[in-house]
Structures are given as C-alpha cells and as structure tokens.
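Summary of the model geometry
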Amino acid sequence: MDVKSTKASSILADPSPMNKSRLGIRSNLLPCSQSGPSFTTSVPTVTRKKPGKLDDVRSNGWLDAMQSSSPPRKKVNKDFNGVDLVSDEAEIAYQFWMIRYPSALNSFQTITGREMNKKLVIFLDYDGTLSPIVDDPDRAFMSDDMRSALRNVAKYFPTAIISGRSRNKVYELVGLTELYYAGSHGMDIVFPAKDLVPEKHVKCVKSTDNKGKEANLFQPASEFIPMINEVFRNLVEITKDIKGAKVEDHKFCVSVHYRNVDENSWPVIAQNVHDILKGYPRLRLTHGRKVLEVRPVIDWDKGKAVEFLLESLGFSNRSDVLPIYIGDDRTDEDAFKVLRKKNRGYGILVSTVPKESNASFSLRDTSEVQDFLESLVKMAQEDDDEDASYDTN
Ligand SMILES: O=P(O)(O)OC[C@H]1O[C@H](O[C@H]2O[C@H](CO)[C@@H](O)[C@H](O)[C@H]2O)[C@H](O)[C@@H](O)[C@@H]1O
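Residues numbered from 1 in each chain as written. Predicted model: local features only at pLDDT ≥ 70, side-chain atom pairs only at ≥ 80, totals over all residues. Heavy atoms only, no water.

In the annotation of an unreviewed UniProt entry, the chain is listed under the name Trehalose 6-phosphate phosphatase and assigned to Erythranthe guttata. Word for word, the UniProt comment on the chain under Pathway (unreviewed entry) is "Glycan biosynthesis; trehalose biosynthesis." (UniProt positions renumbered as here; feature names shortened; annotations may be inferred.)

Pasting the structure below:
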C-alpha cells in the first residue's frame, strides 16, 4: 500500500550520558539507559541488612533508574462532588512537553505524508504500546479491538512487533500470523524465506514461521542460551524469598520484575541481581518498566532489529519507504535513535508523562495507539477507494 509523505521537523533534547568511567565500575553492571529519564526521584530509605552491602547498587545508578523506570501514578485530587481530578499542573506540564513531542494523532498528515508516495512499514513494541501495563506480566492481554486494528494495519502495511519478551510468548499474546515477530529485544527474528537475508548476517538458519511455512531464523545470541538458562535459574533462586519478585526466561534474556515488590526491598533485589551478574561478564543489565533485564553483551538491540528487518524485507536504503516505530520503553529508544539518525521515518513515544526521548512524536496511551492504527487503516482504505474510482473513470 503506497502512501505519500512530507518530512516533519522534530525536536530532540538528548540527555547527557552518564559518566560511567567516573563511577569506576564495570560497564556490564551499569544501567544501559539510552535516554535517561528527566524526572528522577531520590533513592528510597532502607534499613540495611548488612552495612555497606548495598553500596554497589546505590553508586552505580541502578536504584535511581529503578525509581524512575515507570510513570508514577497520577496525582488525583477530588472535587467538591468527590469526582477525581488529575492535577492541572501535571496536565500543563504534559501540554508543554507535547510542543517538543507533538501528538501523532494531531500530526497524522505530517507523519504519513500522503503527498509523497511513500510506503509505510510499521514497527510496534508490545507491553505498554499494544497492551496496557498491568501488575501480572502473564496477564498483559491485548484487547480484541486492538487486535482487529493490528490485523487491518497488516493488510495494508508490512507490520512487525519487536518485543523484550520471548518470540513465542509475544506471538501467543498477539496471535496474528500476518505479522513479523522479533522477540528478546530483537535477538530472535523470523522472516519469510522469500525475503532477503542481509548479507552481513550469515547466521540465519532455515526454520518455519507461525503459519508453518518455510522461514529464515536469525538469532545472533544463540551461543548464550546455556548461559541464559543458568543465570535464569540463579536469579529465580536468589529472588525466591523476595515477596512479589518474578523472573521471566525469554530465551536470550531474562527479566526480573519488581513492580509487585515492596519499595523498601528494591535495593535488595538490585543487589542480588548485581551479585549474580558479577559472575557473568558477558551479560549486561538494561532497565525497563519496573523490570531489570539481563541480556548478552552483543552489539544488538531493537534499533539493529529494525535495520535488519528493513533490509530483509528489501526496504533498506529506499527513499520511498517510511518506517514508523511506536514504543513506550527505554529499550525502544534504540529504535527511535536509528530512525532519527538515518533521518528516515519517525519514532512515536507512548507516554502518559513527560520524558526525554529520541522519538519525534507522542501518543498518550494504548487507546491512542489504537486510534492511530485505525487512522492508518482508514487512510489506506480511502486511498484504495480513490484508486478504484480512478480506474473506473
Ligand atoms: O519490549 P516490550 O514488549 O515492551 O517488553 C518489555 C517487558 O514487558 C513486560 O513487562 C512490562 O509489562 C508487564 C505487563 O504489563 C508489567 O507487569 C511489567 O512491570 C513491565 O515491565 C515483560 O513481562 C518483560 O519481560 C519485558 O521485558
């Protein structure tokens, strides 16, 4: 489906990178924060079990990153009738922030640039983008309406999901065979056998896709599977007495959730993960939304996965292709950066609160993501109708 495009000006304020060497600690134990949050809060006060024991995670920034890893709950006041009012100040701050990251809904024509005949390629994150953030990661379901919007989008545009979850898990949650899936932050990609294997990535092997058709499988971190299995078991063991902690095995990476852990125990959970990682110099830590993510030290992330998919679908270096990436998490910043750096396509950040990002536009929440996807479908249908009426005239 062809659409047409213009370039929008976009505004970015990059956060200053953390001075890692100043901290004098090993780089794999540092938070890999692509876009440090601008609204950090202080480290929680805890009663130390062992004096000095938690100094590692205090000094290396993990606790600050954990504190700011997900939007705080909105401050709600009551009006005279007891009706909830979200703080005006928060809304004003959000409106100001939107000057820098305009709503993708209000900027729809600019993004899709209908007059330039560009082919859109849609990339989406899963959690927080297609499904709302919930306490239990196993219950992060997509609504039927969202699924239907996604199915329709995929009818018109090549559409891929790039998730931190394992590829099987994200497919299980989405359940649409018509999409491309990249799991484990892009370290597990399946794409149709007819598509191109990017030359520099000879590691592809033959496999089958979700329809049982022949496909190519790209797993750049396959040698890490035994190590990830081992670290998963160690993390399960070390966190088993921390109430609310949950460890997920994503095949090429491991997630340690602390959303349901009492905040006073966050330093303990961080220190435990830190202690385990000391034994694995080839693994590193990144921060997601109330989750610590352990993954291999390889030069691969969601940004690289976007480039890989564009190349394998034959869309690389094509000026008539416009990639759009929608995501809510710090790991999505790698994808936003790729699009921004190459000055092609647009990153759209999903956020209910102001935060620094390499994205160019914003959407407030999953319901706005759904609206955006439905608008894409409507636009594509209108273009089809236009073409049909042109043909019959
Ligand atoms: O890249 P994504 O598809 O966004 O995956 C990132 C992580 O998402 C999941 O965790 C997040 O969503 C959960 C469900 O809403 C929530 O409970 C958790 O606090 C969030 O961090 C998933 O469980 C993780 O393994 C992914 O790494």
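1. Points about the domain arrangement of the chain
By the assigned domains, the chain splits into domain 1 (55-69 + 224-296) and domain 2 (103-220 + 301-381). Centre-to-centre separation of domain 1 and domain 2, based on C-alpha positions: 26 Å. Tallying the contact residues gives 19 residues for domain 1 and 20 residues for domain 2. Roughly 1700 Å² is buried in total at the junction of domain 1 and domain 2, and carbon and sulfur atoms are behind 51% of that figure. When the area that domain 1 buries against domain 2 is broken down by residue, the three leading residues are Phe252, Arg289 and Arg295, summing to 34%. Counting across the domain 1 and domain 2 interface gives three salt bridges. (Domains from an automatic or database assignment. Contact = heavy atoms within 4.5 Å. Buried area = accessible area lost by both parts, 1.4 Å probe. Salt bridge = Lys/Arg side-chain N within 4 Å of Asp/Glu carboxyl O.)

2. With respect to the packing of helix α10 (residues 302-312) against helix α11 (residues 333-341)
The relative placement of two packed helices is expressed as an angle between their axes plus a distance between the axes. Taken N-terminus to C-terminus, the directions of α10 and α11 make an angle of 50°; their axes are 6 Å apart at the nearest point. Taken together, the axis directions place α10 and α11 in an arrangement best described as oblique. Along the contact surface, α10 presents Lys302, Gly303, Val306 and Glu307, while α11 presents Asp334, Ala335, Val338 and Leu339. Tallied by class, the residues present in the contact of α10 with α11 amount to four nonpolar, one polar and three charged. (Axes fitted to C-alpha atoms, helices over the stretch in contact; angles between N-to-C directions. Helix = DSSP H or I, 4+ residues; strand = E, 2+ residues; numbered from the N terminus. Parallel < 35°, antiparallel > 145°, perpendicular 65-115°, else oblique. Nonpolar A, V, L, I, M, F, W, Y, C, P; charged D, E, K, R; others polar.)

3. Notes on the pattern of salt bridges
The final tally for this structure, using the stated rule, is 17 salt bridges. With its nearest N and O atoms 3.8 Å apart, the salt bridge here joins Glu248 to Arg165. Here Glu248, found in strand β10 (residues 246-249), pairs with Arg165, found in the loop between β5 (159-162) and α7 (167-174); they are 83 residues apart in sequence, far enough to count as distant. A residue is classified by how much of its surface remains accessible, and Glu248, at 10% relative accessible area, is buried. Owing to a relative accessible area of 5%, Arg165 belongs among the buried residues under this scheme. In this structure, Glu382 engages Lys378 in a salt bridge whose closest nitrogen and oxygen atoms are separated by 3.7 Å. One end of the pair is Glu382 and the other is Lys378, both in helix α12 (residues 366-392) and four residues apart, which spans about a single turn. Within the structure, one salt-bridge network assembled from shared partners comprises Asp125, Lys302 and Asp332. (Buried < 20%, exposed > 50% of the residue type's maximum accessible area, 1.4 Å probe, protein only.)

4. Comments concerning the site of the ligand
Taken together, 22 residues lie around the ligand, and Val134, His250, Arg259, Arg289 and Glu293 are the ones closest in. One of the side-chain N or O atoms of His257 is found 3.1 Å from an oxygen atom in the ligand. Protein chains shield 100% of the accessible area of the ligand, which is 570 Å² for the free molecule. Per-class residue counts for the shell around the ligand are seven nonpolar, five polar and ten charged. Three or more residues apiece are contributed to the shell around the ligand by two domains, here domain 1 (55-69 + 224-296) and domain 2 (103-220 + 301-381). (Near = heavy atom within 4 Å. Polar contact = N/O pair within 3.5 Å; in protein donor to acceptor, adjacent residues only side chain to side chain. Areas by Shrake-Rupley, 256 points an atom, 1.4 Å probe, with all protein chains shown as cover.)

5. Here's the deal with a negative patch on the surface
On the surface, Asp384, Asp385, Glu386 and Asp387 cluster together into a negatively charged patch. Mapped onto the fold, Asp385 is located in helix α12. (Patch = residues over 30% accessible without salt bridge, like charges linked within 9 Å, V, L, I, M, F, W, Y side chains within 5 Å. Lys, Arg positive; Asp, Glu negative; His and termini not counted. Charge placed at Lys NZ, Arg CZ, Asp CG, Glu CD.)

6. Side note on the packing of helix α8 (residues 225-239) against helix α9 (residues 266-278)
In the contact formed by α8 and α9, the axes pass within 10 Å of each other and the chain directions differ by 145°. When you trace α8 past α9, the crossing you get is right-handed. Seen from α8, the contacting residues are Val231, Asn234, Leu235, Ile238 and Thr239; seen from α9, they are Ile269, Asn272, Val273 and Ile276. For the contact of α8 with α9, a count of residues per class yields six nonpolar, three polar and no charged. (Left-handed = near helix turned anticlockwise from the far one by under 90°.)

7. As for the nonpolar core
Core analysis: the biggest nonpolar cluster contains 59 residues, and Phe123, Ile189, Leu235 and Val294 have the highest contact counts within it. Ranked by residue count, the leading element in this core is α9, at six residues. Setting aside residues no more than four positions away along its own chain, Phe123 makes contact with Ala160, Ile162, Val306, Leu309, Leu310, Pro323, Ile324, Tyr325 and Ile326. Residues Tyr126, Leu130, Ala149 and Phe157 belong to the second largest nonpolar core, which totals 38 residues. (Core = buried A, V, L, I, M, F, W, Y, C linked by side-chain atoms within 4.5 Å.)

8. A short note on the packing of aromatic side chains
All told, the structure shown has 13 aromatic pairs when counted by the stated rule. Measuring from ring centre to ring centre gives 4.4 Å for Phe218 and Phe308, while their planes differ by 10°; the resulting arrangement is stacked. On the criterion of sequence distance, the pair formed by Phe218 in strand β9 (residues 214-218) and Phe308 in helix α10 is long-range, its members being 90 residues apart. What makes Phe218 buried here is its relative accessible area of 2%. Centre to centre, the rings of Tyr258 and Trp266 are 4.9 Å apart; their planes meet at 70°, and the pair counts as edge-to-face. There is no split in this pair, since Tyr258 and Trp266 are both buried. An aromatic cluster of three or more residues is present, and its members are Phe191, Phe218, Trp300 and Phe308. (Phe/Tyr/Trp six-rings, centres within 6.5 Å; stacked < 30°, edge-to-face > 60°.)

9. With respect to helix α6 (residues 144-156)
Its 13 residues give α6 an end-to-end C-alpha distance of 19 Å, which sits within 8% of 18 Å, the value for a rise of 1.5 Å per residue. Listing the buried residues of α6 in full gives Met146, Arg147, Ala149, Leu150, Val153, Ala154 and Tyr156. (Expected span 1.5 Å × (residues − 1).)

10. As for a nonpolar patch on the surface
Together, Ile92, Phe96 and Ile99 give the surface a local cluster of nonpolar side chains, amounting to about 340 Å² of exposed area. The class for Phe96 is exposed, based on a relative accessible area of 58%.

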